[in-house]
Amino acid sequence: MQGQSFAIVGAGLAGRLLAWQLLRKGRPVTLVESRDRQGRTSAGLTAAAMIAPYTEAALKDGIVRDIGVASMELWPKIIADLEKCTAVPIYYRALGTLVVAHGSDREDWCGFNSMAASKLGESSFQRLDRQCIRVLEPGLAERFAEASYFPDEAVLSNHQLYQALNEALEKYGVDWLENHPVSCLSEVWQSGRFDWVIDCRGLGAFNESSGVCGISQADLRGVRGELIRVYAPEVNIRRTIRLIHPRYPLYVAPHGNHVYVIGATEIESDAMHDVTVRSALELLSALYIVHSGFAEARILSMEANCRPAYPDNMPRVRVCGRTVSVNGLYRHGYLFAPALLADVQNYIDGDIGRIRFGQLFESFNADVKDENYG
């Protein structure tokens, strides 16, 4: 595959990460993006960037844990390579997740633990009392008497990651085609410039039905998420915190230098308006009762975006010869992307036997005759 040229349509998390990985292998890449190259509106920047295979799998069926664990194994090398390439430090900590609840919600917390034990096994987490909480996160011991500790989870700074990816892409000579919206992949193929077209448009691919390969995306939908980014110098939480709550299950993700990302909302809507008053009030109220130090925190930003999802909220790699679609990462971009993109590269290389999550691949090759995959 050396020397073959690639068009990656959509420069979100998956598109940027795949472009950099291909460029490092000496493969020419053109990144086609509907907006500018900075990616400020990317859903990957409106995220807590948690790599939480166990706490997510406790709430879902399927292969969430397996994909997440595979990504956990890949992230440290990805980050180390990016830091070496760009000298941009990327905050990454694999210190685990604490799941807590207030006394009035203890029944829900116990229910979460039961699901986790049933799906993941008792050894996947530890139940902590107040004394143990004080050892791990002293600032939480005042308000929580119990916690569940999932040690094998991580979090990273998505802003620093994007900065490093942007610099790495420029260093490796990516060909940017920005402010160039694509409504149909046939537009890209008709240029005659590319051997492969990789579609990473997210919701931008909605209703795609290319005349070249017939990959349909009519089953995509948008799931709105809202978060608040704060600077809290009086808070020293090092691990991701999940608050079990009947109305707003909150997460607090540390991003380094006393910056925290707080989120909870998961709204079945593709509306792109600003954060609502209701969401802001619920997030901030819940945040204060997690740690009193957040009362003096400064709000850096309130952000909202829509994530692409299929009906089962699991990603898909839809392939049709030399057209590959990577989509439906839902709110799990950082949990799924490294493992999924490793499989995409195995497909590109013709190394089908090394694809680990083939159940996520869908073929649209029926009417396409390709010399390698038709």
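See the structure above.
Everything in this summary refers to the structure shown in the same document. Because the structure is predicted, anything quoted here is derived from the model rather than measured. (Residues numbered from 1 in each chain as written. Predicted model: local features only at pLDDT ≥ 70, side-chain atom pairs only at ≥ 80, totals over all residues. Heavy atoms only, no water.)

Each helix and strand counted, the chain has 9 helices and 18 strands in total. Here the chain has a C-alpha radius of gyration of 21 Å; the compact-globule value for 374 residues is 21 Å, and the two agree. Principal axes of the C-alpha set define a box for the chain whose edges measure 65 × 40 × 40 Å. Looking at the chain as a whole, 59% of its 374 residues qualify as buried. Taking the contacts inside the chain whose residues are at least 6 apart along the sequence as the reference set, 74% of them involve residues at least 24 apart. When the accessible area of the chain is evaluated, it comes to approximately 15,600 Å², of which 48% is carbon and sulfur surface. (Helix = DSSP H or I, 4+ residues; strand = E, 2+ residues; numbered from the N terminus. Rg over C-alpha atoms; globule rule 2.2 N^0.38 Å. Buried < 20%, exposed > 50% of the residue type's maximum accessible area, 1.4 Å probe, protein only. Contact = heavy atoms within 4.5 Å. Areas by Shrake-Rupley, 256 points an atom, 1.4 Å probe, with all protein chains shown as cover.)

For the rest of this paragraph, the subject is the side chain of R16. Within the fold, R16 resides in helix α1 (residues 13-24). Notably, R16 is buried but unbridged: the nearest opposite-charge side chain belongs to E33, and the N-O separation is 5.7 Å. Not counting residues within four places of it along the chain, the set of residues in contact with R16 comprises A11, D36, R37, Q38, G39, Y162, L165, N166, L169 and W176. (Lys, Arg positive; Asp, Glu negative; His and termini not counted. Salt bridge = Lys/Arg side-chain N within 4 Å of Asp/Glu carboxyl O.)

Between two aromatic rings, the relevant description is the distance of the centres plus the angle of the planes. Following the criterion strictly, the structure yields 7 aromatic pairs and no others. Centre to centre, the rings of F112 and F150 are 6.0 Å apart; their planes meet at 70°, and the pair counts as edge-to-face. With F112 in helix α4 (residues 106-120) and F150 in strand β7 (residues 146-150), the pair connects residues that are 38 residues apart, well separated along the chain. By relative accessible area, F112 is classed as buried at 4%. (Phe/Tyr/Trp six-rings, centres within 6.5 Å; stacked < 30°, edge-to-face > 60°.)

In this section: the packing of α1 against helix α6 (residues 158-171). Running from amino to carboxyl end, α1 crosses α6 at an angle of 40°, the nearest separation of the two axes being 10 Å. The orientation of α1 with respect to α6, classified from their angle, is oblique. When the axes of α1 and α6 are compared, the crossing they make is left-handed. Contacts between α1 and α6 pair L13, R16, L17, A19, W20 and L23 from the former with L161, Y162, L165, N166, A168 and L169 from the latter. Taken together, the residues that form the contact of α1 with α6 break down as 10 nonpolar, 1 polar and 1 charged. (Axes fitted to C-alpha atoms, helices over the stretch in contact; angles between N-to-C directions. Parallel < 35°, antiparallel > 145°, perpendicular 65-115°, else oblique. Left-handed = near helix turned anticlockwise from the far one by under 90°. Nonpolar A, V, L, I, M, F, W, Y, C, P; charged D, E, K, R; others polar.)

This brings us to the sheet that holds strand β12 (residues 240-243). Spatial strand order, β6-β7-β5-β12-β13-β14-β11-β15: 8 strands in an open sheet with mixed pairing. A strand with exactly one partner marks an edge of an open sheet, and here the two such strands are β6 (126-129) and β15 (298-309). Along the sheet, successive strands turn relative to each other by an average axial angle of 25°, direction set aside. Where β6 lies against β7, 4 bridges are found, and the strand directions are antiparallel. Looking across to β7, one finds that D129 is bridged to E146. Against the sheet, α4 makes contact with β5 (97-100), β6 and β7, and its axis sits at roughly 25° relative to β7, the strand it touches most. (Pairing = 2+ DSSP bridges.)

As a further point, take helix α9 (residues 333-348). For α9, with 16 residues, the first-to-last C-alpha span of 21 Å sits near the 22 Å given by 1.5 Å per residue. The buried fraction of α9 amounts to 15 of the 16 residues, a majority that puts the element mostly inside the structure. Just beyond α9, the residue with positive phi is G350, at close to 75°. (Expected span 1.5 Å × (residues − 1).)

The subject of this paragraph is the nonpolar core. Counting 76 residues, the largest nonpolar core has W75, I198 and Y334 as its most contacted members. Those residues in contact with W75, other than ones at most four positions away along the chain, are L17, I51, Y92, L156, L161, Y334 and P338. With 28 residues, the next largest nonpolar core counts L98, V235, V252 and V290 among its residues. (Core = buried A, V, L, I, M, F, W, Y, C linked by side-chain atoms within 4.5 Å.)

Taken together, the side chains of L284, I299 and M302 define a hydrophobic patch exposed on the protein surface, amounting to about 240 Å² of accessible area. Note on placement: M302 falls in strand β15. (Patch = residues over 30% accessible without salt bridge, like charges linked within 9 Å, V, L, I, M, F, W, Y side chains within 5 Å.)

A few words on the sheet that holds strand β2 (residues 29-32). The sheet built from 7 strands is open, its strands ordered β9-β2-β1-β10-β17-β16-β18 with mixed pairing. Two strands in the sheet have a free side with no partner beyond their single neighbour: β9 (175-177) and β18 (361-363). If you compare each strand with its neighbour and ignore which way they point, the axes differ by 20° on average. As defined by bridge partners, β2 adjoins β9 across 3 bridges and the pair is classed as parallel. Bridge pairing in β9 links L31 to W176. Where α9 meets the sheet, its contacts fall on β1 (6-9), β10 (196-199), β16 (316-320), β17 (323-327) and β18, and the angle it forms with β17 comes to roughly 175°.

Further remarks concern the pairing of strand β14 (residues 259-263). Successive residues of a regular strand alternate their side chains across the two faces of the sheet. Here β14 lies mainly inside the structure; 5 of its 5 residues are buried. Where burial is concerned, the two faces of β14 agree: the one with V259, V261 and G263 and the one with Y260 and I262 are both buried. Sheet topology note: the strand β13 (residues 250-254)/β14 ladder contains 4 bridges and is antiparallel. For Y251, the partnering residue across the bridge sits in β14 and is G263. Hairpin remark: β13 followed by β14, antiparallel, with 4 residues in the connecting loop; positive phi at G256, about 90°.

Before going further, it helps to examine the packing of α1 against helix α3 (residues 64-86). For any two helices packed against each other, the geometry is given by the interaxial angle and the distance between the axes. The interhelical angle for the contact between α1 and α3, taken along N-to-C directions, is 70°, at an axis separation of 13 Å. The orientation of α1 relative to α3 falls into the category roughly perpendicular. Crossing hand, α1 versus α3: left-handed. Side by side, α1 and α3 meet where L17, W20, Q21 and R24 of the first sit next to W75, I78, D81 and L82 of the second.

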